[in-house]
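# An overview of the molecular structure
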Amino acid sequence: MKILLGISGGIAAYKTPELVRLLKKAGHQVRVACTRNALELVSRIALETVSGEPVLFETFSPRTHPGVEHIDLAGWPDVVVIAPATANVIAKLAGGLADDFLTTVLLATPAPVWIAPGMNTHMWEHPATLENVRRLTGRGVRVIGPDSGELACGTSGPGRMSEPSVIVRILEEHFTRPRPLAGRRVLITAGATREHLDPVRFISNPSTGRMGVALARAARELGAEVTLVHGHLEVPVPDGVVAVPAVSAMELHRAVFEWKDRADLLIMTAAVGDYMSASPAAEKMKKEALGATLTLQLVRTPDILAELSQPGNAPSGPGNRPGERRPILVGFAAETAGGDESRLLELARQKLSRKGCDALFANDVSLTGAGFAAETNQGVLLFADGCVVWVPQGTKDQVAVSLLESVVASLLR
Ligand SMILES: Cc1cc2nc3c(=O)[nH]c(=O)nc-3n(C[C@H](O)[C@H](O)[C@H](O)COP(=O)(O)O)c2cc1C
């Protein structure tokens, strides 16, 4: 693998010659780009000796060859690893700044980016840093560490850069793990639909799209070609995922039916409005004309999952006649079961048989840590053959991986 190691000016920069050595020992090609501050903390000569390559840090260096160095370098790696990632470089990456060689390369690279933060505990726990890290992970940047322990500043706590051997092990495990969705096309819906009453008012719901986006990211990492049909999202679409925006339930319905024949697996996490205005106004409704009360007439929106699983749309697989193919269907259900697992399972059973999908993941949104705006999720994955998999609480990324692994094992062999 071609690895670009980005080094910023954290004290753990002194460990990076060892990181370069271990990466090379594992058979990778390594090049190094760093900030000027990093070179205050680690020797350029040491890095050039272990990497066997010049260390790059100047945007406007004398030309050694025609071309633009930062753009050429940005297109070279399979992965970029920033270790240590300072609070400063994390903030710049989150904000899209490119005021030195390393951050310019980071903005220009299509390669996946990993960061191994290393800093004083207060810097790590500063709301700005945590917010920046959240933004980056939302964009698909992977984070290794930091660990907790003794810090160079004499204190102890979270913020210590993971050891070079740990960084190498995590990268190796990630890039050599099986890709069970390679060659598969996965269609995912996410986010909240908006049913407009007029151009400035709409009915919607609190979905942020985090769960669907986490599934899109996980499916991509498991090797799938992923299309995300999405309503309103509060998180960015991950790199490498085709985004198809849809505002209303009708638009989302249209997009799903347009894309479904190209999918092997369709996962419906979007919070699709059940009702829409019977007669949305083309122009803004004026309060003065409406008076003190406003009565809305709403009509049902189409039930996308139920329509997709209609007879004649048999599951894909050997033995099906042409024209009968449909993707494997996985539905999502947000239920309020008051923390009662047997009730949640019963609600999931009822919905699965009503919708006719192949599997349904139900979560209890009355629990803290399992709902629309939560960072975490948990719930039950129920298959049409009655098989039940309880998914414990985890980040939405962790839950997404568990769900996909179960779906692959049961439905996509
Ligand atoms: C001795 C020393 C050690 C430092 N260690 C860290 C560190 O571990 N993490 C960090 O975020 N900043 C650390 N800093 C502060 C950064 O070097 C400073 O924020 C700098 O602007 C970062 O620049 P860069 O991100 O462009 O490399 C350290 C500064 C000094 C003088």
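Taken together, the side chains of Tyr275, Leu290, Leu294, Leu296 and Leu298 define a hydrophobic patch exposed on the protein surface, amounting to about 410 Å² of accessible area. Leu290 gets classed as partly exposed once you look at its relative accessible area, which sits at 32%.

With that settled, the discussion passes to the packing of helix α4 (residues 87-95) against helix α7 (residues 127-138). Running from N to C, α4 and α7 point in directions that differ by 50°, and their axes come no closer than 9 Å. The orientation of α4 relative to α7 falls into the category oblique. By crossing handedness, the relation of α4 to α7 is classed as left-handed. Facing Ala87, Ile90, Ala91, Leu93, Ala94 and Gly95 of α4, the residues of α7 in contact are Thr129, Asn132, Val133, Arg135 and Leu136.

Tallied over the full model, the rule gives two aromatic pairs. Geometrically, the ring pair formed by Trp114 and Phe175 is tilted, given 5.8 Å between the ring centres and 45° between the ring planes. Here Phe175 lies in helix α8 (residues 164-176) and Trp114 lies in strand β5 (residues 113-117), a separation of 61 residues in the sequence. A residue is classified by how much of its surface remains accessible, and Trp114, at 4% relative accessible area, is buried. Phe175 sits in the partly exposed class, given a relative accessible area of 25%. Both rings, one in Phe332 and one in Phe361, keep their centres 5.1 Å apart while their planes meet at 55°; by these two values the pair is tilted. On the criterion of sequence distance, the pair formed by Phe332 in strand β17 (residues 328-335) and Phe361 in strand β18 (residues 359-364) is long-range, its members being 29 residues apart. Taking relative accessible area as the criterion, Phe332 reaches 15% and is therefore assigned buried.

Assignment of secondary structure puts Ala216 in helix α9 (residues 210-221). Each C-alpha atom of the pair Ala216 and Ile7 lies 30 Å from the other, and the pair is 209 residues apart in sequence. Once residues lying within four places of it in the same chain are set aside, the contact partners of Ala216 are Ile188, Val226, Leu228, Pro238 and Val241.

This part covers the domain arrangement of the chain. Here the chain is partitioned into domain 1 (2-176) and domain 2 (185-411). Once you take the C-alpha centre of each, domain 1 and domain 2 turn out to be 37 Å apart. Contacts between domain 1 and domain 2 engage seven residues on the former and five residues on the latter. Across the interface of domain 1 and domain 2, roughly 500 Å² is buried in total on both sides, 44% from carbon and sulfur atoms. The interface formed by domain 1 and domain 2 holds one salt bridge in total.

Evaluated as defined, the whole model comprises two cavities of 30 Å³ or more. Approximately 40 Å³ is the volume attributed to the largest cavity. Along its surface, the largest cavity is lined by Leu215, Ile267, Val330, Phe332, Leu381, Leu403, Leu404 and Val407. Mapped by element, the contributors of at least two residues to the lining of the largest cavity are β17 and α14 (396-411).

Taken together, 14 residues sit near the ligand, with Gly9, Thr35, Asn37, Thr86 and Gly118 positioned nearest. Ala87 has a polar backbone atom sitting 2.9 Å from an oxygen atom of the ligand. A distance of 2.8 Å separates a nitrogen atom of the ligand from a polar backbone atom of Gly118. Relative to its unbound accessible surface of 630 Å², the ligand loses 63% to contact with the protein. Of the residues forming the shell around the ligand, the biggest block, three residues, is contributed by α4. Among the residues forming the shell around the ligand, the class breakdown is six nonpolar, eight polar and no charged.

Reading the values: the criteria
- Residues numbered from 1 in each chain as written.
- Predicted model: local features only at pLDDT ≥ 70, side-chain atom pairs only at ≥ 80, totals over all residues.
- Heavy atoms only, no water.
- Patch = residues over 30% accessible without salt bridge, like charges linked within 9 Å, V, L, I, M, F, W, Y side chains within 5 Å.
- Areas by Shrake-Rupley, 256 points an atom, 1.4 Å probe, with all protein chains shown as cover.
- Salt bridge = Lys/Arg side-chain N within 4 Å of Asp/Glu carboxyl O.
- Buried < 20%, exposed > 50% of the residue type's maximum accessible area, 1.4 Å probe, protein only.
- Axes fitted to C-alpha atoms, helices over the stretch in contact; angles between N-to-C directions.
- Helix = DSSP H or I, 4+ residues; strand = E, 2+ residues; numbered from the N terminus.
- Parallel < 35°, antiparallel > 145°, perpendicular 65-115°, else oblique.
- Left-handed = near helix turned anticlockwise from the far one by under 90°.
- Contact = heavy atoms within 4.5 Å.
- Phe/Tyr/Trp six-rings, centres within 6.5 Å; stacked < 30°, edge-to-face > 60°.
- Domains from an automatic or database assignment.
- Buried area = accessible area lost by both parts, 1.4 Å probe.
- 1 Å grid on protein atoms, 1.4 Å probe; cavity = no way out; pocket = protein on both sides within 12 Å on 5 of 7 lines; lining within 4 Å.
- Points joined across faces, edges and corners; volume = space filled by probe spheres on them.
- Near = heavy atom within 4 Å.
- Polar contact = N/O pair within 3.5 Å; in protein donor to acceptor, adjacent residues only side chain to side chain.
- Nonpolar A, V, L, I, M, F, W, Y, C, P; charged D, E, K, R; others polar.

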